[in-house]
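Listed below are the residues making up each chain.
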Amino acid sequence: MLGLELTPEHPVDDLVELGTQAEREGYDSLFVSCHYNNRDPFAVLARLAAETDDIRLGPGVANPYELHPVTLAGKVATVAEASGGRGLLGIGPGDPSTLRNLGLEDERGLRSVLEAFKVAQRLWDGERVSHDGTFEATDAGLNFDVPGEVPVYVGGEGPHMCRMAGKHADGLLFNGSHPDDLAWAREQVDIGVADRPDSRGEFALAAYASVSVSEDAAAAREAARPPVAFIAAGAAPPVLDRHGIDADRASDIGEKISAGAFSEAFGLVTPAMIDAFSMAGTPDDVADRMAAVLEHADGVVVGSPVGPDLEEAITLAAAAYRSTSRRR
């Protein structure tokens, strides 16, 4: 997989142009990120479905709390129909910093994610579903056929989420950019894959990486600050320990993000955080990091910020990915 994450902090017309560019550059999957304070990802995906031909499209990463899971399944199914069978679903426990604003932080968990996509798969298969678990549904169904298969990629980084994905999903979007993290993730998903029924087919581990690429290394690293702040704020203590990141500083970043003090939060990001939580630098720097990550992962999703110049960075990141075969 060579995927791209588009963050709808930009106007919809601009995102559509970037998505069509990504298809021309050879990306095979396009995820539109889901945060309440950005533009509606499904409005963007609808436009992209009309303007692209081959690239797979879906939310990444949606959560089952802001929308009822049956409603989420219907929206993804609509993307699949509008795109002629190119839909996919990235689903996970959500970003704690923004869910905190909605009073939903305590809802986050593995069970809700698993139940949500299992019910979605049944709905996509044409079943009527009743469910009583982390959410309720009674004789729910979709009134239209869903074309093609809709792959489900779990977004997460905890050990149990990784193992669950290996057993139940089509792939894992592991929120990581460092080879040490992906090596650890591979160990976890292999535990889940060992219990995976053959009928579920192949499994893919993708590094859902914060990438910032530019010919100007300093500019690339500076552009990485905002997404790295969000990643550091949501990172589990073992991940922070693995990279020697101060947990108190990461907590402070999260509190400032929740309060809307974004500039202050981004200013707390350290060079060590950028090194740990992003692939940031020149095309050669990024290609080297991608090659190291791909020793453990099956693909890369190029995530926010992509680079200080989005159009240039989409091209540079694709070229960096293609060059990794010579470096491994």
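Parameters and conventions
- Residues numbered from 1 in each chain as written.
- Predicted model: local features only at pLDDT ≥ 70, side-chain atom pairs only at ≥ 80, totals over all residues.
- Heavy atoms only, no water.
- UniProt positions renumbered as here; feature names shortened; annotations may be inferred.
- Phe/Tyr/Trp six-rings, centres within 6.5 Å; stacked < 30°, edge-to-face > 60°.
- Helix = DSSP H or I, 4+ residues; strand = E, 2+ residues; numbered from the N terminus.
- Buried < 20%, exposed > 50% of the residue type's maximum accessible area, 1.4 Å probe, protein only.
- Contact = heavy atoms within 4.5 Å.
- Salt bridge = Lys/Arg side-chain N within 4 Å of Asp/Glu carboxyl O.

- With an unreviewed UniProt entry as reference, the protein is termed 5,10-methylenetetrahydromethanopterin reductase, source organism Haloferax chudinovii.
- Per its UniProt entry, the protein bears the Sequence similarities (unreviewed entry) comment "Belongs to the mer family."
- Word for word, the UniProt comment on the protein under Subcellular location (unreviewed entry) is "Cytoplasm".

## What to know about the packing of aromatic side chains
Stage number 1. Taken as a whole, this structure holds five aromatic pairs when the rule is applied.
Stage number 2. Geometrically, the ring pair formed by Phe174 and Trp184 is tilted, given 6.2 Å between the ring centres and 45 degrees between the ring planes. Taken together, the residues span a long stretch of sequence, with Phe174 in strand E8 (residues 171–174) and Trp184 in helix H7 (residues 179–193) at a distance of 10 residues.
Stage number 3. Overall, Phe174 belongs to the buried group, its relative accessible area being 2%.

## Quick notes on the environment of Met161
Stage number 1. By the secondary structure assignment, Met161 is in helix H6 (residues 159–168).
Stage number 2. The spacing of Met161 and Val113 is 48 residues in sequence and 9.0 Å in space, taken between C-alpha atoms.
Stage number 3. Ignoring anything within four residues of it in the chain, the contact list for Met161 reads Pro93, Gly109, Leu110, Val113, Val154, Gly155 and Gly156.

## Observations regarding helix H14 (residues 283–293)
Stage number 1. Listed in full, the buried residues belonging to H14 are Pro283, Val286, Ala287, Arg289, Met290, Ala291 and Val293.
Stage number 2. Structurally, H14 contributes buried residues whose contacts are with H7, strand E9 (204–213), helix H13 (271–277), strand E10 (279–281), strand E11 (299–306) and helix H15 (310–323).

## Comments concerning the pattern of salt bridges
Stage number 1. Applying the stated criterion across every chain yields a total of 10 salt bridges.
Stage number 2. Between Arg242 and Asp181 there is a salt bridge whose closest N-O contact spans 2.5 Å. Within this pair, whereas Arg242 is found in helix H10 (residues 237–242), its partner Asp181 is found in helix H7, the two being separated by 61 residues in sequence.
Stage number 3. For Arg242, a relative accessible area of 29% gives the class partly exposed.
Stage number 4. Between Lys256 and Glu264 there is a salt bridge; the shortest N-O distance is 3.3 Å.
Stage number 5. On the basis of relative accessibility, which here comes to 27%, the residue Lys256 falls in the partly exposed class.
Stage number 6. Overall, the relative accessible area of 49% leaves Glu264 in the partly exposed class.

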